[in-house]
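What the coordinates show
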Amino acid sequence: MEADLLAIAYPPLLVFAAGLLVLVLPRIAGFTIGTLSLATVLAISFVIPEGSYLTGTFLGFDVVPFYVDPFSQMIGIGLGFLGICTVIYAYSSEASRSMTAFALVYVSSSIGAAFAGDWLVLLFMWELMAVTSTLLIWHYGGDAVRAGFRYALFHGTGGVLVMLAVAAHYVEVGTFVYESGGIADGLPALLAVLGMGVNVAFVGFHTWLPDTYPRPHFAASVFLSVYTTKTSAFVLYRAFPEGEGTLFLAYMGGLMAVYGAAFALLQHDMRALLSYHIQAQLGYIIAGIGMTSGIAVAGAMGHLFNNILFKSLLFMAVGVVIYRTGENDLYELGGLWREMPLTAIGFGFGALSITAIPGFNGYVSKGMVFDAADPHYYGEPQFQALYWLLYLGAIGTLLSFLKLGYYVFFHGESDLEVADAKLGQTIAMFGLGGACLLFGVWWQGLADLIPTIHHLEFTYHGGESTGHLHPYSPSHLQTAGVLTAVSVIAFVVVRKPLSKLDLGDPAMIVYPATYYVSRWTMLAVTGVYAAVDAAVVGAVTRCYWIGNNPVLAADAAAHRLPNWMIDVDERQPTDGGRPSTIHLRAGIGTTVLVLTVVLTGILWLLVA
């Protein structure tokens, strides 16, 4: 594509402009333009040829604001399609124009990060994502404001680490433009993995997720549930591409899968449960990136794409329940499938996808990550423990969604008479649900979107299939069946004890050091800021007073000097009394010594 045309049709700029227009146009016109801008992003992502790019310079540095390769093309398709559905959903959910404007600017920064071709542009988009997502949270007011401050603190810290990583990378290689090796080894890689670990919710860095996403408008939660975390996971792959991953990333992914699924089980708040499952599903993506093999990376990217679809669908379905019932606690609901059958079907599509049930897209991509870790397929011996972590995470995921679906839609009779999803909400949910089903049945279409999969030669150790991907082989279906059966039996056993638990913020119990260190650090920072502020204001005030009252200032300063140096008469009344006088007591030797010390200090400062 010609550079001039790209400059005009720069996808992030189109969505950004649509966000501004939403503020000034009539509501239906603004939302329509927002939808069309994202449809344009989807179309560009489909048709733009690989290798297209837009280059320029910024402050003398070469930058590539827009670069297309198969990976960014796949992410652009996912984010564009999701964006269309989310704007339609927001319109039907009575989202305000200002909230949607913040959301579209946030989406534009996410798309900009996905299509960035250098670390400098990425850093700009990364920080813009943090700012605009914080504004989207704050917009709702109430509890979302304080949660937004905590969210901003986490992402500000992560952004600083990424900025330092990019600076150190430039010192090492002399360019910001992406290279095949990803981020430079050593300090840049360490800073990058820590900074990006905040956005992808590494265990210990994750508390912002369940703390923040349940608090804003439910339509805002749909936007938030995808764009930051999935874009950041893709950027993590940019930093640590195939062959450059680490065992640390692989096992961190396994821990995320178990941790997120386990604590999702303990939640009463529906959106908090889904938030923990963002971390759990990111675990499979991070594990795939860390294992570095072709099948692992293909599974990670495929699961990232699928996650864009089914995670937003689940937040939409839960959002409709909250919208119609006003209730966030899943144990206060029940029997809603009769009242809200369309919402129940939409939830079912998302739940079957995220739990990797055959016939849905999650089954295909999660199965690839399993195969990459399983020593009986492609896994190396050091991944045996990782395989069982991922397996436990899958059981926890099934248990969580059995719990959520059972208590919201099937348990008992509903005491409420509520309407089902509105037309726009239904269109959005069924559009995403249809895509989840499509890529589960027509898995070859999903495989065509995954860049690395075409360069792999698949050879299963069992000899069932050679030379091509075969997710519906007998052994894969058997594994899925065993996993489902174990989860259903476990749910029957733990359902009642589980309903008695109410752990509002488990991270603060399991990882108390994070809470207290963060609290003390925040108090220390704010205390230092207040002290510096008071000192500066006080100094300016004193300087202003001294300038207007030099005699009184000299008199006050003289009173503070020791009596052996200065003898100061007591201040007299101003009605005709004698003014105060100062008499030096210090001898000439002391005076010369003091002047010498002062001048020496001044000269030392100038030389230093």
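Our subject is the structure listed above.
Throughout what follows, the structure given in this document is the object of discussion. (Residues numbered from 1 in each chain as written. Predicted model: local features only at pLDDT ≥ 70, side-chain atom pairs only at ≥ 80, totals over all residues. Heavy atoms only, no water.)

Here's the deal with the overall build of the protein chain
- Along its length, the protein chain carries 24 helices and four strands.
- Of all 608 residues assigned to the protein chain, the portion counted as buried reaches 53%.
- Taking the intrachain contacts of the protein chain between residues at least 6 apart in sequence as the baseline, contacts between residues at least 24 apart amount to 78%.
- Counting every atom, the protein chain has about 26100 Å² of accessible surface; 68% of that belongs to carbon and sulfur. (Helix = DSSP H or I, 4+ residues; strand = E, 2+ residues; numbered from the N terminus. Buried < 20%, exposed > 50% of the residue type's maximum accessible area, 1.4 Å probe, protein only. Contact = heavy atoms within 4.5 Å. Areas by Shrake-Rupley, 256 points an atom, 1.4 Å probe, with all protein chains shown as cover.)

Digging into the packing of aromatic side chains
- By the definition in use, this model includes 31 aromatic pairs.
- Ring geometry for tryptophan 119 versus tyrosine 178: centroids 4.8 Å apart, planes at 70°, classification edge-to-face. Of the two residues, tryptophan 119 is situated in helix H6 (residues 119-138) and tyrosine 178 in the loop between helix H7 (143-173) and helix H8 (187-199); the sequence distance between them amounts to 59 residues. Taken as a pair, tryptophan 119 and tyrosine 178 share a single burial class, namely buried.
- Counting every residue linked through ring pairs, the aromatic cluster contains Tyr284, Phe370, Tyr387, Trp388 and Tyr391.
- It is arginine 27 that lies over the ring of phenylalanine 31; its NZ or CZ is 4.7 Å from the centre.
- Here the basic side chain of lysine 366 rests over the ring of tyrosine 284, its NZ or CZ set 4.7 Å away from the ring centre. (Phe/Tyr/Trp six-rings, centres within 6.5 Å; stacked < 30°, edge-to-face > 60°. Lys NZ or Arg CZ within 6 Å of the ring centre and 35° of its normal.)

Concerning the pairing of strand E2 (residues 61-67)
- For strand E1 (residues 53-58) and E2, the ladder comprises five bridges, and the chain directions are antiparallel. In the strand pairing of E2, threonine 57 is matched with aspartate 62.
- Linking E1 back to E2 in an antiparallel pair, the connection comprises two residues, with leucine 59 at a positive phi of about 55°. (Pairing = 2+ DSSP bridges.)

Description of helix H12 (residues 247-264)
- With 18 residues, H12 ought to run about 26 Å at 1.5 Å a step, and its terminal C-alpha atoms sit 26 Å apart, in line with that.
- Of the positions making up H12, those classed as buried are Leu249, Ala250, Met252, Gly253, Gly254, Met256, Ala257, Tyr259, Gly260, Ala261, Phe263 and Ala264. (Expected span 1.5 Å × (residues − 1).)

Side note on the pattern of salt bridges
- Taken as a whole, this structure holds five salt bridges when the rule is applied.
- Arginine 238 serves as the salt-bridge partner of aspartate 69, at 2.7 Å between the closest nitrogen and oxygen. One end of the pair, aspartate 69, is in the loop between E2 and helix H4 (70-92); the other, arginine 238, is in helix H11 (residues 227-239), with 169 residues separating them in the sequence.
- Between glutamate 94 and lysine 422 there is a salt bridge, with the nearest N and O atoms lying 3.7 Å from each other. Note that glutamate 94 is positioned in the loop between H4 and helix H5 (97-115) and lysine 422 in the loop between helix H17 (384-410) and helix H18 (423-441), a separation of 328 residues in sequence.
- The exposed category is assigned to glutamate 94, whose relative accessible area is 51%.
- Through salt bridges that share partners, Arg150, Asp211 and Arg215 make up one connected network. (Salt bridge = Lys/Arg side-chain N within 4 Å of Asp/Glu carboxyl O.)

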